[in-house]
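Per-entry structural report
Given next are the chains, with one letter for each unit.
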Amino acid sequence: MGKLREYMIPFTGLGIGKHTYEFDIDKKFFDVYGTELIHSGQIKVVLDLSKSANMLLLEFSHSGVFDTECDRCLNNIQMPIEGKNRVVVKFGTESGDESEEIVVLPTEAHEIDVAPLIYEFIGITVPYRRVPEECDETDRYCDAEIGNRLSGIILTGDEEDDEIIEPEPDPRWQKLKGLLDDSKENKDNKNNSKKK
Ligand SMILES: [Zn+2]
């Protein structure tokens, strides 16, 4: 796996106290670190690094949008994403101390690659259901054409509701119907459909 140099933070040269970093995550980032969950987007990451004598506190927050497909209509959409996470970096050799919130680096380490942490923290906030608000009602879709077709199917397939509104006949279907009728030349008079 390749690495992006800009995510390597050389902490040994930093003074005690807080240091803030900002990263703009886009397609380039996911191309390097993995596209399983997100392949592209625009996500801003702010990292507050607090250095003390023997440890580092890393506080990450991210917000932005990522590119995906709508679960309902497969339209290309952008979904919002955001989250906050913190990690304590300790130094030593004992590995029993490691957990999700604690990273142990060797005593001689002088820099930390925050890209895998950012990747993980963005990854855990990817919504399972990817449907934008404007699409998230039964009769509204982000892809209008698919929406019309689907709601037509739903309306004609539902016999229980008395208030069924017949969908507008699609001119293409009317034309097709006309062609079918033409092929049944002699039965033409039994049909009321208008030919084009
Ligand atoms: Zn949609």
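In short, a report on the structure. (Residues numbered from 1 in each chain as written. Predicted model: local features only at pLDDT ≥ 70, side-chain atom pairs only at ≥ 80, totals over all residues. Heavy atoms only, no water.)

Let us now look at the coordination of the zinc ion. The zinc ion binds to the protein through Cys-70 (SG), Cys-73 (SG), Cys-135 (SG) and Cys-142 (SG); the donor distances cover 2.2 to 2.3 Å. Viewed at the metal, the 4 donor atoms of the zinc ion are separated by angles of 106 to 112°, and the geometry they form is tetrahedral. Of note, the zinc ion draws all its donor residues from one chain, in the sequence arrangement C-x2-C-x61-C-x6-C. You can see Cys-70 sitting in the loop between strand S4 (55-69) and strand S5 (76-91) and its partner Cys-142 sitting in the loop between helix H2 (115-123) and helix H3 (144-157), a full 72 residues away along the chain. In this structure Cys-142 comes out as partly exposed when scored by relative accessible area, which is 23%. (Donors = N, O, S within 2.8 Å, 3.2 Å for Na, K, Ca; no water. Tetrahedral: all angles 85-135°; square planar, octahedral: opposite > 155°, others 65-115°. Helix = DSSP H or I, 4+ residues; strand = E, 2+ residues; numbered from the N terminus. Buried < 20%, exposed > 50% of the residue type's maximum accessible area, 1.4 Å probe, protein only.)

With that settled, consider the pattern of salt bridges. Within the structure shown, the criterion is met by 6 salt bridges. In this structure, the salt-bridge partner of Glu-6 is Lys-28, at a minimum N-O distance of 3.8 Å. Of the two residues, Glu-6 is situated in the segment before strand S1 (8-10) and Lys-28 in helix H1 (residues 27-33); the sequence distance between them amounts to 22 residues. Owing to a relative accessible area of 44%, Glu-6 belongs among the partly exposed residues under this scheme. Here Lys-28 falls in the partly exposed class, since its relative accessible area comes to 49%. (Salt bridge = Lys/Arg side-chain N within 4 Å of Asp/Glu carboxyl O.)

Two aromatic rings are characterised by how far apart their centres lie and by the angle between their planes. This model, assessed by the stated rule, comprises 7 aromatic pairs. Look at Tyr-7 and Tyr-33: their rings are 6.4 Å apart centre to centre, the planes differ by 85°, and that puts the pair in the edge-to-face class. With a gap of 26 residues between them, Tyr-7 in the segment before S1 and Tyr-33 in helix H1 connect regions that are remote in the sequence. Just as Tyr-7 is buried, Tyr-33 falls in that class too. Here the aromatic residues Tyr-7, Phe-23, Phe-29, Phe-30 and Tyr-33 are joined through ring pairs into a cluster of three or more. Of note, Arg-72 hangs over the ring of Tyr-141, and the distance from its end group to the ring centre comes to 4.1 Å. (Phe/Tyr/Trp six-rings, centres within 6.5 Å; stacked < 30°, edge-to-face > 60°. Lys NZ or Arg CZ within 6 Å of the ring centre and 35° of its normal.)

A word on unusual backbone geometry. Even without a glycine there, the phi angle at Leu-74 is positive, about 60°. By the element assignment, Leu-74 lies in the loop between S4 and S5. Assessed through its relative accessible area of 58%, Leu-74 is described here as exposed.

Residue placement: Asp-31 occurs in helix H1. Considered as a pair, Asp-31 and Gly-2 are 29 residues apart in the sequence and their alpha carbons are 9.5 Å apart.

Once that is clear, we can look at the pairing of strand S6 (residues 102-105). Side chains Ile-102 and Val-104 project from S6 onto one buried face, and the interleaved Val-103 and Leu-105 project onto a second face that is buried too. Both S5 and S6 contribute to a ladder of 4 bridges, which runs parallel. Bridged to Lys-90 within S6 is Val-104. (Pairing = 2+ DSSP bridges.)

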